[in-house]
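Structural features, examined
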Amino acid sequence: MASNLIGTVKAGSPTSVRAISFSGVLNSLDALKEIRDLWGALLRPDASPFQTFAWNEAWYRKFEASYDEIVILVSSSERAIFPMYRKGGVLRFAGDEICDYQDAIALTSGDVSEGFEELVSLAGKMGARLQFGRLATRGLVYGAIQGMSPNREWFDPLEKTLSPCPVFEIKKTTELTLAHLPRKFRAELRRQGRRVESDFSEAVMESETAPAIRQQTLDRMIEFHRENFHFSGRNPLSDRCLVDLISEVRNDPEVGLKVSRLGDEEITLASDLSFTRGGRFYGFMMAYNPTARRYSPGSCLLSFHLDRLIKEGVRVFDFLGGGETYKYRFSTDQYFVRSVSLFPKTSSGMIFYIRLKGDRMIRSLTKSVLVKLGLRRELSYDAESGAPD
């Protein structure tokens, strides 16, 4: 895989931030505010918007009912920050249920590996297990877990792949960027664009970016998304806390939020929430008008995005989580989001470990039987193309 797309972290030399020591465990929002400068100094340019201080600080406040205790570990070297929370007997990353993935705040993989040993030790002292609900395989913590030495006090990690994250490189022109696509598909994209221009002569692509996003623009996009949510399960924007969080960080330049709409004065064809940070575009949430399905409004919106992203010098288009077929038509690479569970070798830890491992074995066996009986389609992801089989 192309490391320039996935974002493989290379070793570097972190700089000292201030003389005051912050190492240890922080348990309050006031303490969190004290490390804002340290956080900013340790935040890699290619870190996702979900690792920014503004996003995490807002999460701790807006989702206060979701946790029992704030647990923010600053490593003894002050080169890694782990923004966690405790819920019952589990330590998890802040915001892990409302964003595509989370990670530690650090400049190098070595700094995270050292800090991760301290995190495991802290969990042991608290009698807690570690549950990383969403880790990116391009991330620092996932790499630290893969490099863990056998630990007599902890069971081996249990992993589960949740979704692929397709990506592609943005080149100097739209033609070069889309050159990897089949000729017929490129021709179809052009036809779709002409159909939109013909049938919606006044249709334009409108975008507002931080720090100039109006609240009413964001509200309209959220309402459109709620009305045109086409996936199974609960619409994430039905969560008032998430909506409040997005509203609060919408104009933080470090988060890099963008609200876009394709349509005219009478109809919205497609709209999305996205982020641009560190030369990378993140497609967060998109919705389209079902009455305009024949125009492939999502693909048209993406094409309009490309023209602007090229001018802005953005290098990578990251679809984030989801294995939808249209994403693989554009993508040339991928990474994965995985859940990882770590259980201490205590009586309670053993019970949870055996229960989870047994449950996964039963699920895997059930799926295999259903596939053989023809009652379920087997879905896997090709290791080279990333496309669903």
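What this report covers is the structure whose coordinates are included nearby. (Residues numbered from 1 in each chain as written. Predicted model: local features only at pLDDT ≥ 70, side-chain atom pairs only at ≥ 80, totals over all residues. Heavy atoms only, no water.)

Another point: the pattern of salt bridges. Any two side chains of opposite charge can pair, so long as their charged atoms come close to each other. A full pass over the atoms with the stated rule returns 16 salt bridges. With its nearest N and O atoms 2.9 Å apart, the salt bridge here joins arginine 44 to aspartate 46. Overall, arginine 44 belongs to the buried group, its relative accessible area being 8%. Across the salt bridge formed by arginine 191 and glutamate 188, the nearest N and O atoms sit 2.8 Å from each other. Here glutamate 188 and arginine 191 lie together in helix H8 (residues 183-199), a separation of three residues that amounts to about one turn. By relative accessible area, which is 36% here, arginine 191 ends up partly exposed. Judged by relative accessible area, which is 23%, glutamate 188 ranks as partly exposed. Each member of the salt-bridge network shares a partner with another, and the members are Glu57, Arg61, Lys62 and Glu248. (Salt bridge = Lys/Arg side-chain N within 4 Å of Asp/Glu carboxyl O. Buried < 20%, exposed > 50% of the residue type's maximum accessible area, 1.4 Å probe, protein only. Helix = DSSP H or I, 4+ residues; strand = E, 2+ residues; numbered from the N terminus.)

A separate point is the packing of aromatic side chains. Tallying each qualifying case throughout the model produces 24 aromatic pairs. Each ring, one from tryptophan 59 and one from tyrosine 60, has its centre 5.4 Å from the other, and the planes form 75°; the classification is edge-to-face. Residue tyrosine 60 is classed as buried on the basis of its relative accessible area, which comes to 0%. A network of ring pairs unites the aromatic residues Phe50, Trp55, Tyr101, Phe275, Phe284 and Tyr335 as a single cluster. Geometry around phenylalanine 155 places lysine 345 over its ring, the cationic atom sitting 5.8 Å from the centre. (Phe/Tyr/Trp six-rings, centres within 6.5 Å; stacked < 30°, edge-to-face > 60°. Lys NZ or Arg CZ within 6 Å of the ring centre and 35° of its normal.)

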